[in-house]
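Geometric and topological summary
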Amino acid sequence: MSNKILHFPNQFTNLNRNNVQNDVLAGFTIFIMLVPQGMAYAMLAGLPPVMGLYASIIPLFLYAWFASSKHLSIGPVATTSLLVFTGVSVYAEPNSASYLSLVLTLTLLVGGIQLVFGLLKVGFIVKFIPHSVLNGYTSAAAIVIGMSQFKHLLGIEVPNHLQIHLLLIELVKHVQELNPYTFLIALGSILLLIGLKRIKGIPGAFVLVIVSIVFVSFFHLDDKGVHIVGGVSNG
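Position numbers for residues start from 1 in each chain and track the written sequence from start to end. Confidence filtering applies because this is a predicted model: local features only for residues at pLDDT of at least 70, side-chain atom pairs given and counted only at 80 or more, and all residues used for totals across whole chains, interfaces and linings. Hydrogens and water molecules were not included; the side-chain quantities draw on all heavy atoms of the structure.

Here we come to the packing of aromatic side chains. Only rings of Phe, Tyr and Trp enter the pairing, Trp through its six-membered ring, and a pair is recorded when the two centres are within 6.5 Å. The plane angle decides the type: under 30 degrees is stacked, over 60 is edge-to-face, the rest tilted. Applying the stated rule across the entire model yields four aromatic pairs. Here F124 and F128 contribute two aromatic rings whose centre-to-centre distance is 6.5 Å and whose plane-to-plane angle is 75°, an arrangement assigned as edge-to-face. Classification of F128 as exposed rests on a relative accessible area of 67%. Classification of residues uses two cut-offs on accessible area relative to the type maximum, computed with a 1.4 Å probe and protein chains only: under 20% is buried, over 50% is exposed, and between them is partly exposed.

Looking at the protein chain as a whole, the pLDDT averages 82, with 91% of positions reaching at least 70. This model gives residues 1–9 a pLDDT under 50, and the stretch forms five contacts once residues within four places in sequence are excluded. Here pLDDT means the predictor's own confidence in every residue, given as a number from 0 to 100. Residue contacts are counted whenever heavy atoms from the two residues lie within 4.5 Å of one another.

With that settled, the discussion passes to the packing of helix α2 (residues 17–44) against helix α3 (residues 49–66). For helices, the fitted axis covers only the stretch in contact; all axes are lines through C-alpha atoms, and the angles between them, taken along N-to-C directions, range from 0 to 180 degrees. Secondary structure counts use DSSP, requiring at least four H or I residues in a row for a helix and at least two E residues in a row for a strand, with both numbered from the N terminus. Relative orientation of the contacting elements α2 and α3 amounts to 125°, with a least axis distance of 7 Å. Here α2 is positioned oblique relative to α3, judged by the angle of their axes. Of the two elements, α2 crosses α3, and the hand of that crossing is right-handed. Seen from α2, the contacting residues are L34, V35, G38, M39, A42 and M43; seen from α3, they are P49, M51, G52, L53, S56 and L60. All amino acids are sorted into three groups, where Ala, Val, Leu, Ile, Met, Phe, Trp, Tyr, Cys and Pro are nonpolar, Asp, Glu, Lys and Arg are charged, and the leftover types, Gly among them, are polar. A per-class count over the contact of α2 with α3 returns nine nonpolar, three polar and no charged. Angles are sorted into four bins: roughly parallel if under 35 degrees, roughly antiparallel if over 145, roughly perpendicular if 65 to 115, and oblique for all others. Crossing handedness: left-handed means the near helix sits turned counterclockwise from the far one by under a right angle, and right-handed means the same turn made clockwise.

So this is what it looks like as structure tokens:
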């Protein structure tokens, strides 16, 4: 605590208009990305969207108080969400009360284990995990996550699977249920992101979210089978 108090004056002496503008811009950018991203990761883990908001906001305040890093990202990530779904969905139905209880228990257990590892300073174990193993796991997780999103891009309902071949089979079986409005929105969103990436200074993801909300709301596409998040339940 004393170290943080001693550092406060040095932090304030570095304050100037340029730094404040950059900090506000960075904070606003993170906020824009965390809201849809947090809800998406919660749904990927089989949880209500509001749980993703909790996991995106609360850890930031805790980490800012206890530590600091210019490179570390704090909050939910895709691979962790996939691991949660993989482990817990075997014992309970996703989005059910028992599933939520198991996820919270798992979260506390993982946090406790990480705390013990941190106190014992056994992080060096990670150095013994080959990069090929980490790269293979990350690549496989990316493929599974990408394939699992095709049902949202096509607007069809398929069971959740962690095996690529089962996902492909289910997609082929239900492809005739494709929602043309959802598919056109997905295709247009991808093209818009690619196009905006070529223009410097424009937050493509933010523009896409705003345009999508206005477009779906104006044409009432949710009444035509386009799935939207809707109202996020209070917690």
